[in-house]
Amino acid sequence: MREFQSEPSFLNDALLRGRFGDVDRSLQPFSFMKPKELHQSVTIDRPPNEVFDFWRNFENLPRFMKDIARVEVLSAEESRWIVKLRSGASVEWTAAITDERPGAMIAWRSLEGSEVDTEGAVWFSKAPADLGTEVQLMMTYRIPGGELTELATLFTDENPACLTLTNLRRLKALLETGEIPTIEGQPNGRDEILRDRNLGQNLGRHAG
Amino acid sequence: MKALCWEGKHDVAVKTVHDPDILNPHDAVVKVQAAAICGSDLHLYDGYIPSMQRGDILGHEAMGEVVEVGPMVRKVKVGDRVVIPFDIACGSCRYCRDGEFSLCDNTNPNAALADHLYGHSGSGLFGYSHLFGGYAGGQAEFVRVPFIDTNSLVVPPEIDEEKVLFLSDILPTGYMAAENCGIRAGDTVAIWGAGPVAQMALRSAYLLGAERVIVIDHYPKRLEMAEEAGADTIDFDDIDGIQDELKYRTGGRGPDACIDAVGLEAHGHTALALMDRAKAAVKLTTDRPDALRQAILACKKGGTVSIPGVYGGFLDQLPFGAAFGKGLTLKMGQTHTQRYMEPLLDHVLAGDLDPSFVITHRVSIEEGPEAYRKFAHDKNECIKVVIQMH
């Protein structure tokens, strides 16, 4: 395993600065030609320790990360990540914690030779006044299929930067309200087709 | 159940769909008794909002009876008679705790989309496109209401539903528009548009102490309705210039506050498409009186322009120099409905406000599609439609 702090990378630089000042370049046209660097931030109305503890239990992560199907904690340092792709295939890798400051920061990196080469860090810092916690997530990654896959995701809603922000918003909603907003499963006029196939189990369930 | 579904431009249909379920622990299911069609529903009907999907259930003004609650619901009970606000708020985030419910952080599952367009996303809305969450609306026999403890007003069982239905949107919207004017004794308030929100705004303006309200429109029936509440009116078809007319009527000073209850809408799906839609919408307004431009130019120095009319995109030719030069205050945004429902219910119960006067048509759900057509094409006769769901 490479020594995380010894590499003068984009991420290390960002970690040393503690926050990002520039714009989200991944949203610009042709971003698939640039290195994959994601950084997003959200303010959660809970104390930093509470947010840190929730995140540090990696098995919680699939509760709000839409793309992560499962995280298996292997040891104090290593965990196995399983992502389901839209095609139905899944991608897995093992990540190791490279740095950790209780209540403040967690950094991780995939083991060398993994199918996915990724490193990331998440910071938890006290927000101004009584606003709670600023969560700042930074990641770099290379995914299977490389830039072609990246290009494909740009034509769907699952732009990686969007997805990262959506995941952080889901974390915020979960910790602030106890649930994640959804419309999955609500009725709409498209399901008349379902009724015709006699699959609409609860048609008129509230009637009478 | 039966529901009014958006099937495409100028196409609303009654469809049989499955009943809503409790999807989250703070949800409730409400059996809808009455729902109204809002002027802003016409923007969906006219196809201006591209993040609608065929089959989406319409409606954001509804009331009914709670028939099912989720395990985390604490206040509202099965059997309660409730009015449902059009905006969906979580009740826990900073914005909700500050009473800014329509700016809620946590109720739009498609917030990333709105982030791209506006920088930040407001709350989810019922029946108002996937940009605002894609929530199924209340023009249906049943509706799922997230965070029911925050998103409902329990009303007394004996009160006439037509007196409280509009607490869901147009009464709070008109009231907040008037409140945003910061009305002081002796003030004159001018209102662009004489539709349902304007009707509520003018009555609220008098309630808040305005000396005179001047309403501007060109539909005689709507102007008559404004006059019945004591407003002066201007039919803009009869005069050369609104600004000159308003100056003439206010001793050259201009109205102390101006309310734009017309608005214009341009929403979208991607940032680029939104930009295109916005440009199209701005072109559209060149064919009609530009209410916001007129309001800014007419308003007195140091006055307030209050904007309940909905804007979605980028505005061309806004006389910002005039707004700056006259030191105007501009106030706007979606209504924080939950903040106003209870105090306005008190006004209704006390008899100070009875918003039911605005209703011109009462229909069944089967007549819903025809009601949309009428509302879109006969704005003089058809001012407000209420649909009986049960």
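Use the structure listed above.
Reading the values: the criteria
- Residues numbered from 1 in each chain as written.
- Chains lettered and ligands numbered in written order.
- Predicted model: local features only at pLDDT ≥ 70, side-chain atom pairs only at ≥ 80, totals over all residues.
- Heavy atoms only, no water.
- Helix = DSSP H or I, 4+ residues; strand = E, 2+ residues; numbered from the N terminus.
- Buried < 20%, exposed > 50% of the residue type's maximum accessible area, 1.4 Å probe, protein only.
- Contact = heavy atoms within 4.5 Å.
- Areas by Shrake-Rupley, 256 points an atom, 1.4 Å probe, with all protein chains shown as cover.
- Rg over C-alpha atoms; globule rule 2.2 N^0.38 Å.
- Lys, Arg positive; Asp, Glu negative; His and termini not counted.
- Charge placed at Lys NZ, Arg CZ, Asp CG, Glu CD.
- Core = buried A, V, L, I, M, F, W, Y, C linked by side-chain atoms within 4.5 Å.
- Buried area = accessible area lost by both parts, 1.4 Å probe.
- Salt bridge = Lys/Arg side-chain N within 4 Å of Asp/Glu carboxyl O.
- 1 Å grid on protein atoms, 1.4 Å probe; cavity = no way out; pocket = protein on both sides within 12 Å on 5 of 7 lines; lining within 4 Å.
- Points joined across faces, edges and corners; volume = space filled by probe spheres on them.
- Nonpolar A, V, L, I, M, F, W, Y, C, P; charged D, E, K, R; others polar.

For chain A, the helix and strand inventory stands at six helices and seven strands. In chain A, which comprises 208 residues, the share counted as buried stands at 49%. In chain A, of all internal contacts separated by at least 6 residues, the share reaching a separation of at least 24 is 48%. A total of about 10,700 Å² of accessible surface is found on chain A, and carbon and sulfur atoms cover 53% of it.

We now examine the overall build of chain B. Helix and strand counts for chain B stand at 13 helices and 18 strands. Against the 2.2 N^0.38 benchmark of 21 Å for 390 residues, chain B shows a C-alpha radius of gyration of 20 Å, consistent with a compact globule. Taken along the three principal axes of its C-alpha coordinates, chain B extends 60 × 50 × 40 Å. Looking at the 390 residues of chain B, the share that counts as buried comes to 60%. For chain B, long-range pairs separated by at least 24 residues make up 73% of all intrachain contacts whose partners lie at least 6 apart in sequence. About 14,600 Å² of surface is accessible on chain B, with carbon and sulfur atoms providing 49% of the total. In chain B, 36 side chains carry a positive charge and 54 a negative one; their mean positions are 4 Å apart.

Attention now moves to the nonpolar core. Residue and element names in this part refer to chain B. Ranked by size, the top nonpolar core spans 48 residues in total, and within it Val164, Phe166, Ile191 and Val215 carry the most contacts. If you list the elements that add at least two residues to this core, you get β3 (28–37), α5 (170–179), β11 (188–192), α6 (196–207), β12 (212–217), α7 (220–228), β14 (257–260) and α12 (337–350). In contact with Val215, not counting residues within four places along its chain, are Ile191, Gly193, Ala194, Leu202, Leu223, Ala226, Ala231, Asp232, Thr233 and Ile234. Grouped together as the second largest cluster of nonpolar side chains are 45 residues, Val12, Ala28, Leu44 and Val363 included.

With that settled, the discussion passes to the interface of chain A and chain B. When the parts of a complex come together, some accessible area is lost, and that lost area is often taken as the interface size. Of the residues lining the interface, 34 residues belong to chain A; the matching set on chain B comes to 45 residues. Interface area, chain A with chain B, both sides summed: about 3,400 Å², of which 49% is carbon and sulfur. Counting across the interface, chain A meets chain B through five salt bridges. Note that Asp105 of chain B and Lys172 of chain A form a salt bridge whose closest N and O atoms lie 3.1 Å from each other. Counting residues per element, the ones that place at least two in the side of chain A that touches chain B are α5 (160–177) and α6 (192–196) of chain A.

Within the element layout of this structure, Pro343 of chain B appears in helix α12. Linking Pro343 of chain B and Pro172 of chain B, residues 171 residues apart in sequence, is a C-alpha distance of 9.7 Å.

Before going further, it helps to examine empty space enclosed by the protein. Residues and elements named next belong to chain B. Taken as a whole and judged by the stated rule, the model has seven cavities of 30 Å³ or more. The volume enclosed by the second largest cavity comes to roughly 60 Å³. In this structure, the second largest cavity is lined by Thr173, Met176, Ala177, Asn180, Ser306, Ile307, Pro308, Lys331, Met332, Gly333 and Thr335. Elements represented by at least two residues in the lining of the second largest cavity include exactly α5, β15 (304–307) and β16 (329–332). Considering only residue class, the lining of the second largest cavity consists of five nonpolar, five polar and one charged.

It is worth stressing that arrangement in space is one thing and function is another; only the former is reported here.
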